[in-house]
Amino acid sequence: MHYLPAPLHIPDGFLSLTVLLICWVIAIVMLAVAISRTNKSLGEKQVPLMGIMAAFIFAAQMLNFPVAGGTSGHLLGGALAAIVLGPWAAMLAMTAVIAVQGLLFQDGGLLVMGANILNMGLITVVVGYGLYRGAINRSRKTRLTVAGVAAWLSVMAGALLTSLQLWLSGTARLQVVVPAMLGVHALIGIGEALITVGALAFILQTRPDLLGENSASAQSGRGWVFAGAIISLAVVLLSPLASAFPDGLERVAENHGFLQLAQTSPYEIIPGYTVPFLGDTSLSTVVAGLVGVLIVLALSILAGTSLQKKS
Amino acid sequence: MHSHAFDRYHHKHSFVHNLDPRVKVAATVAFILSNALLPDGAWVAFLAAYVFMLAANVGSGLGLGFTFRRSFIALPFALAAVTVLFSIAGAPVASFQLLRWNIVVTDAGLARFMSIVIRSWLSVQMAILLVATTEFPKIVHALRQLRVPAILTVIISFLYRYLFVLADEAMRLMRARASRSAITSSGKGGGSAPWRARVAGNMAGQLFLRSYERSDRVYNAMLSRGYTGELRIMQARQFRANDWLMICILLLCLAFIQIVGRML
Amino acid sequence: MTEIVSVRDLHFAYHDGHAALRGVSFALCEGDKAALVGPNGAGKSTLMLQLNGILSGRGEITIGTLRLERETLPVIRAMVGLVFQNPDDQLFSPTVFEDVAFGPLHMGLPEEEVVRRVDAALESVRMTAYRDRLSHHLSVGEKKRVAIATVLSMSPSVLILDEPSAGLDPRARRTLINLLRDLPIAMLVSTHDMRLVEELFARTIVMDEGLIVADGATKDILADEEFLNAHGLEKP
C-alpha cells in the first residue's frame, strides 16, 4: 500500500503570506484552547489514546472503496474523530495527522500548515461535533443520520474555507474555485458521510458504551451545537451565494479592502519596495529586501533563543 | 505490508545528514518563507533559490536530481491557480475560444501563475530533502525543542509509531474483503456503491475498536514502566558554535536571494 | 532463600462480575524460574497484571520486602518487569533507544545513568547494534528481545513474561529460549508452549478457572497426562 495524497491539502506557494499568517493565528489560538482543555479534563490515559487514535484516523484514510469510473471514496475523518474522541482531543489528533502528512509525505505544505490544520482539522471537528452533539440523546437512527449529514457538511466547510483562502491569496478566481471545490467535495463528502455512518453503526453495535452518556463524545457542552450550527448555516448559505454571485462577493471584498490586505505581504507595507526616507534608489530597494530577510532572521533567532533556554 | 512503504529517510553519512535536525528544520522553513517573500516574476531569484536547492541536494550525497524525481506531488494542485492566467490585467499573450468564452492569457497572469508554481515546486523539494536526510523521530524531537507543545509532539510520536501497525491492520482488513468479494468482468465489485461504502465504514469501525483496545494495552505497558502522566525525554545535544555558524550561512544565502529578487 | 514475590489468597473480579482469580497463593524465590500454564481464560494474564498493581484485587502481594499498596506502587513497578505478549504494545516509542530509556527516565534517574542502563540492557539481550533503529523496522523476534530490554533497563528483581515465544519462527524462538536461560534473574513466564516449559523451567504452576491447581516440579506435572488433559493442556 502506498500513501495517496488526499485533496484539500494546500501545498506551499499557493497562499499569500498574510492569509497563511492569519490562518496560523486562528489555528494556534484554537489549539492552545484544545491543549489546555485536554490537560484539564482528561486523565493521563488520554495521551496514548489520542496518539493511537491519530494513527487510526491516518490508517482509516487508507480504507477506500471503489466508486464508478476508477475513482474511490475515502475518509478525511474530522467528523468521525470528533464524535468518538470528543472535540478537543479530536482537534489535537487531527492536527497530528496533518502534521505528519505534511512533514513526512509532503502532502500539504509546511508554511501553509496552519491553513491545512484549520481547514481539515479544526473546522471539520467543530461542524462534525456540533451537529452530532445536538442529536446525541436521540434514537440510534437519528444520531446516525445526523452524523452522516455532519460528516458531509464538515467536508464542505473545509472545502469552502480552502477556496476562500485561495481566492483571498489571489491564487484563484472566486467564480471558478468555489463551484469547482464545492462540486468535487460534494461527492467526496458523500463517501465521508457513508464511511462515518458505517463506522459509527459498527461501534454502536459492538461497544455502545464508547458513544454513550459518559463517553468522551458527550462531555463537552452545548456551545458546540451553537458553533456547529452557525458554521453549517454559513456554509449552506454562502456556498450557493458564492457560486451564483461571485462578482458580488468579490466586489464586497474589494470595497472593504480585504483583497488588497490579503494579497500584499506584510513587509510590502513599505510602499513599492522602497523605504520612504531613502527615496527611489537601488539602495532603497536593497534595504526593503533586507526587511523581508529580517522576518526570516527574526523567526530563526526566536527559534534559537528558545534552544538556548532549553540547553 | 512492508513497513518501508512509508519510509522517506535515506541513510547516508553526508554533510546535510550530519547537520543538527533543528538547523535543518529551521532552514527548511526559512527557505519556504524566503520563496513566499519573493515577488512574482523574480526569475533570477527563483533561479538562485533553485541553485541553493541543488547545492543542498549535492551536500546530502543523494545526488543532484534526488528531490526532482518526487517533486511533482504538489503540481496537480496548480490546477487551482489556473484562473490567474486570465484574471489579471496585462498585455494579452494568447487567446483562445472555450465554448462561448473568449479567454485571454495575459503576461501578468502568466508571470503570476508561473511564480506560484515555482514557489510551490521549490518549497516541496526542500521539504522532501528534509525527511530524506533526517529520521522522522529526530524531526519530532527538533520540533519539541523548537517549542512545539509537548502534547502535540507526543501524539505525533505515537502516530508515527502506530501508523505502521494500524496501516498493516487496515491492509489485512482490505485483503480479507478482497478475498471474499468477487469482481465481475465489468470491473465493478459486487453490491452498490452505498453498500461498498458501508463495508468500508464497518472496517473503519472495526479498526477503531482494535485501536481503542490497543491504546488500553499500551497504557498498561506505559504504567508498568513508571509512567505517571508526565512524559520525560532526554535533553537535546547542546547547540554548538558550528550550528550557529551554519544557520548564519544559510540565512545569508537566503538574504542574498531576497536581494537578487528585488534588484533584478 | 529469600522470597521475591509472595502472593496470598488473591481474589479479583472484573466489572462485569466475572471472577478471574478465586484465591491464588504462591511464592517465587530469588533465582526461581517458573512456568505459568493453563488454558485461555484461566486467569494467567489477570494474575500478571496484579503483580505490579495495574489491576488490584483482594488479597496480599509482597514484592521483596514491600507490600503492594498505592504508596509503594512506583517502586514496585520498577522491581517487577512486566513484558506484554504483543511487542507492538510494549514498544510504543519510535526508536529502540527511546523505548529502552523510557523506564529508567521515568524512574527519575540522571541521564548518564539512563544511557548506561540502556546500553547494558541491550547488551544482555544481544541487541546492541539495534540501539538507534526504528522500532517498526524490527522483526517479531527482535521486537520481543527489545521488549525484554525495556524492562531489564529498570533493573527489576523479577521478570514477568506473557507468552514470550508466541508468533516466533523456530530460529527466533531458539534465540529467545537461550536468552531466557542465561538471564540471571527470577522469572515467571506464562505460556502455552509446553516444549518451552519442559526445556527451560524446573518448576511449573498450573492455573485453571482462577485457581492454582498444581505447583511443583515440571517433570512430575508433565508426567501426569490425565491431569494435563483435565486442564486443557498437552504433554509436549
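The structure presented is a predicted model; accordingly, all values stated were derived computationally and were not measured.

Novice: Please give an account of the overall build of chain C that cites residues and values.
Specialist: Each helix and strand counted, chain C has 10 helices and 10 strands in total. For the C-alpha atoms alone, the extent of chain C along its principal axes is close to 50 × 45 × 40 Å. Counting only residues that meet the buried cut, chain C has 58% of its 236 residues in that class. Within chain C, residue pairs in contact and separated by at least 24 positions form 62% of the contacts whose partners lie at least 6 positions apart.

Novice: Kindly report on the pairing of strand β4 (residues 58-63) of chain C, identifying the contributing residues and their values.
Specialist: All names here are of chain C. Pairing analysis gives 5 bridges linking strand β1 (residues 3-13) to β4, with the strands arranged antiparallel. Following the sheet pairing, V5 is matched in β4 by I63. Where β4 and strand β5 (residues 66-67) come together, 2 bridges link them in antiparallel fashion. Residue pairing across strands places T62 opposite R67, the latter belonging to β5. Taking the residues that link successive antiparallel strands as the turn, the β4-β5 hairpin has 2 residues, and the phi of G64 there is positive, at about 60°.

Novice: I'd like a description of the side chain of B:D20, backed by residues and values.
Specialist: All names here are of chain B. Here D20 shows up in the loop between α1 (15-18) and α2 (21-37). Owing to a relative accessible area of 3%, D20 belongs among the buried residues under this scheme. In this structure D20 touches R237, F239 and D243, once residues within four positions along its chain are discounted.

Novice: Outline the pattern of salt bridges, supporting the account with residue identities and numerical values.
Specialist: Within the structure shown, the criterion is met by 22 salt bridges over all chains. We note a salt bridge from C:D89 to B:R217, for which the minimum N-O separation is 2.4 Å. Pair noted here: C:D89 is in helix α3 (residues 87-90) and B:R217 is in helix α9 (residues 193-224), and the two residues belong to different chains. Judged by its relative accessible area of 33%, B:R217 falls in the partly exposed class. Several salt bridges share partner residues, and in doing so they unite B:E169, B:R214, B:R217 and C:D89 into one network.

Novice: Just give me the short version of the sheet that holds β5(C), but keep the residues and values in it.
Specialist: Overall, antiparallel pairing links the 4 strands, which are arranged β2-β1-β4-β5 (chain C) in an open sheet. In the strand order of this sheet, the two ends are held by β2 (19-29) and β5 of chain C, each with one partner.

Novice: Run through the environment of B:V165, naming residues and quoting values.
Specialist: Checked against the element boundaries, B:V165 lands in helix α8 (residues 150-180). Contact partners of B:V165, with chain neighbours within four places excluded, come to B:R214 and C:D88.

Novice: Break down the interface of chain B and chain A for me, with residues and values.
Specialist: Each side of the interface is counted separately: chain B has 95 residues, and chain A has 86 residues. Both sides together, the interface formed by chain B and chain A hides about 8400 Å², and carbon and sulfur atoms give 79% of it. It is B:F77, B:F208 and B:R262 that lose the most area in chain B upon contact with chain A, and together they represent 9% of the buried surface on that side. Summed over the shared surface of chain B and chain A, the result is 1 salt bridge. The tally of links between chain B and chain A comes to 7 residue pairs in polar contact (both at pLDDT 80 or more). Broken down by secondary-structure element, the contributors of at least two residues to the side of chain B that touches chain A are α2, α5 (84-87), α6 (107-133), α7 (136-145), α8, α9 and α10 (241-263) of chain B. The element that contributes the greatest number of residues to the side of chain B that touches chain A is α9(B), accounting for 24 residues.

Novice: Tell me about the nonpolar core, residues and numbers included.
Specialist: A:F56, A:L92, B:F136, B:F158, C:V5 and C:L188 are the most contacted members of the largest nonpolar core, which has 183 residues in total. Counting residues per element, this core draws most heavily on α8(B), which supplies 17 residues. Membership of the second largest hydrophobic core comes to 47 residues, among which are C:V37, C:V125, C:L161 and C:I221.

Novice: Which residues make up the interface of chain B and chain C, and what values do they have?
Specialist: Contacts between chain B and chain C engage 30 residues on the former and 36 residues on the latter. Buried area between chain B and chain C, summed over both chains or domains, comes out near 2800 Å², and the portion from carbon and sulfur atoms is 58%. Considering only the surface of chain B that becomes buried against chain C, B:R161, B:R225 and B:M234 emerge as the three largest contributors, covering 32% of it. Where chain B touches chain C, the interface holds 4 salt bridges. Where chain B meets chain C, there are 13 residue pairs in polar contact (both at pLDDT 80 or more). Of all elements in the fold, only α7, α8 and α9 of chain B reach the threshold of two or more residues within the side of chain B that touches chain C. The dominant element in the side of chain B that touches chain C, judged by the number of residues it contributes, is α9(B), at 8 residues.

Novice: Outline the sheet that holds strand β7 (residues 158-162) of chain C, listing residues and values.
Specialist: Strand pairs in the sheet, formed through backbone hydrogen bonds, run parallel or antiparallel to each other. Residue and element names in this part refer to chain C. Spatially, 6 strands are ordered β6-β7-β8-β3-β9-β10 in an open sheet, and the strand pairing comes out mixed. The open sheet is flanked by β6 (80-83) and β10 (211-217), the only strands paired with a single partner. Strand-to-strand twist of the sheet, defined as the mean angle between neighbouring strand axes without regard to direction, takes the value 15°. Of the strand pairs in this sheet, strand β3 (residues 33-37) and strand β8 (residues 186-190) are connected by 4 bridges, and their pairing is parallel. Across the sheet, residue A35 finds its bridge partner in β8, namely V189.

Novice: Residue-level account of the packing of helix α3 (residues 43-59) of chain B against α6(B), with values.
Specialist: All names here are of chain B. Put simply, α3 and α6 touch, their axes get as near as 11 Å, and they point 15° apart. One way to sum up the angle between α3 and α6 is to call them roughly parallel. Relative to α6, α3 is oriented so that their crossing is left-handed. Only A111, M114, S115, I118, R119, W121, L122, Q125, M126 and L129 of α6 make contact with α3, whose side of the interface consists of W43, F46, A49, Y50, F52, M53, A56 and N57. Partitioning the contact of α3 with α6 into residue classes produces 14 nonpolar, 3 polar and 1 charged.

Novice: Account for the confidence of the model for chain A, with residues named and values stated.
Specialist: Residues and elements named next belong to chain A. Residues with a pLDDT of 70 or more make up 68% of chain A, whose mean pLDDT is 78. Note that pLDDT drops below 50 for residues 266-280; the model gives that stretch 29 contacts with residues more than four away or on any other chain. Ignoring residues within four places in sequence, the model shows residues 303-311, a span with pLDDT below 50, making 15 contacts including any to other chains.

Novice: So, helix α1 (residues 44-51) of chain C: which residues are in play, and what are the values?
Specialist: Residues and elements named next belong to chain C. The buried fraction of α1 is high, at 7 of 8 residues. Within α1 the residues assigned to the buried category are K44, T46, L47, M48, L49, Q50 and L51. Once α1 ends, the next one or two residues include G53, with phi positive near 80°.

Novice: Summarise helix α4 (residues 87-105) of chain A; cite the residues concerned and give the values.
Specialist: Residues and elements named next belong to chain A. Its 19 residues give α4 an end-to-end C-alpha distance of 26 Å, which sits within 8% of 27 Å, the value for a rise of 1.5 Å per residue. In terms of residue burial, α4 counts as a mostly covered element, since 19 of its 19 residues are buried. With its phi angle positive at about 55°, Q106 sits one or two positions after the end of α4.

Novice: Give a description of unusual backbone geometry that names residues and reports values.
Specialist: All names here are of chain C. With a phi close to 55°, R126 is a non-glycine residue in the positive phi region. For R126, the position within the fold is in the loop between α5 (111-124) and α6 (140-152). The phi dihedral of E163 is positive, around 50°, even though this residue is not glycine. Turning to its location among the elements, E163 is positioned in the loop between β7 and α7 (170-182).

Novice: Summarise the environment of A:V146; cite the residues concerned and give the values.
Specialist: Residues and elements named next belong to chain A. On the secondary structure map, V146 appears in helix α6 (residues 140-168). Note on V146: relative accessible area 23%, which makes it partly exposed. When neighbours within four sequence positions are excluded, V146 is seen to be in contact with L131, Y132 and A135.

Novice: How would you explain the side chain of C:H106 if you had to name every residue and give the values?
Specialist: Turning to its location among the elements, C:H106 is positioned in helix α4 (residues 96-106). A distance of 2.8 Å separates a polar side-chain atom of C:H106 from the backbone oxygen of C:F102. With residues near it in sequence (within four places) discarded, C:H106 still touches B:R225, B:G226, B:Y227, B:E230, B:L231 and B:R232.

Criteria and cut-off values
- Every chain begins its residue count from 1, and numbering advances along the sequence as written.
- The lettering of chains begins at A and the numbering of ligands begins at 1, in the order of writing.
- For a predicted model such as this one, the threshold for reporting local features is a pLDDT of at least 70, and the threshold for listing and counting side-chain atom pairs is 80 or more; totals across whole chains, interfaces and linings nevertheless cover every residue.
- With hydrogens and water stripped out, all remaining heavy atoms of the structure feed into the side-chain values.
- Put simply, DSSP H or I for four residues or longer makes a helix, DSSP E for two residues or longer makes a strand, and each gets a number counted from the N terminus.
- The buried label goes to any residue with under 20% of its type's maximum accessible area, the exposed label to any with over 50%, and the partly exposed label to all in between, with areas taken from a 1.4 Å probe on protein chains only.
- Throughout, a residue-residue contact means that at least one pair of heavy atoms, one from each residue, lies within 4.5 Å.
- By the convention used here, strands pair only if DSSP detects at least 2 bridges between them.
- Any carboxyl oxygen of Asp or Glu within 4 Å of a side-chain nitrogen of Lys or Arg constitutes a salt bridge here.
- Buried area, as used here, totals the accessible surface that two parts lose on assembly, with accessibility defined by a 1.4 Å probe and the loss added over both.
- For the purposes of these results, a polar contact is taken to be a pair of N or O atoms within 3.5 Å, where, inside protein, one atom must be able to donate a hydrogen and its partner to accept one; residues adjacent in sequence count only when each atom of the pair is a side-chain atom.
- As used in this record, nonpolar core signifies buried Ala, Val, Leu, Ile, Met, Phe, Trp, Tyr and Cys residues forming a set joined through side-chain atoms within 4.5 Å.
- Axes here refer to lines fitted to C-alpha atoms; in helices the fit is confined to the stretch in contact. Angles between the N-to-C directions go from 0 to 180 degrees.
- Every angle not falling under 35 degrees, over 145, or within 65 to 115 is termed oblique; those three ranges are roughly parallel, roughly antiparallel and roughly perpendicular.
- Take the far helix as the reference: if the near one is turned anticlockwise from it by less than a right angle, the crossing is left-handed, and if turned clockwise, right-handed.
- Ten residues, namely Ala, Val, Leu, Ile, Met, Phe, Trp, Tyr, Cys and Pro, are considered nonpolar, four, namely Asp, Glu, Lys and Arg, are considered charged, and the remaining ones, Gly among them, are considered polar.
- pLDDT: the predictor's confidence for each residue, scored from 0 to 100.
- The span one expects for a helix is its residue count, reduced by one, times 1.5 Å.

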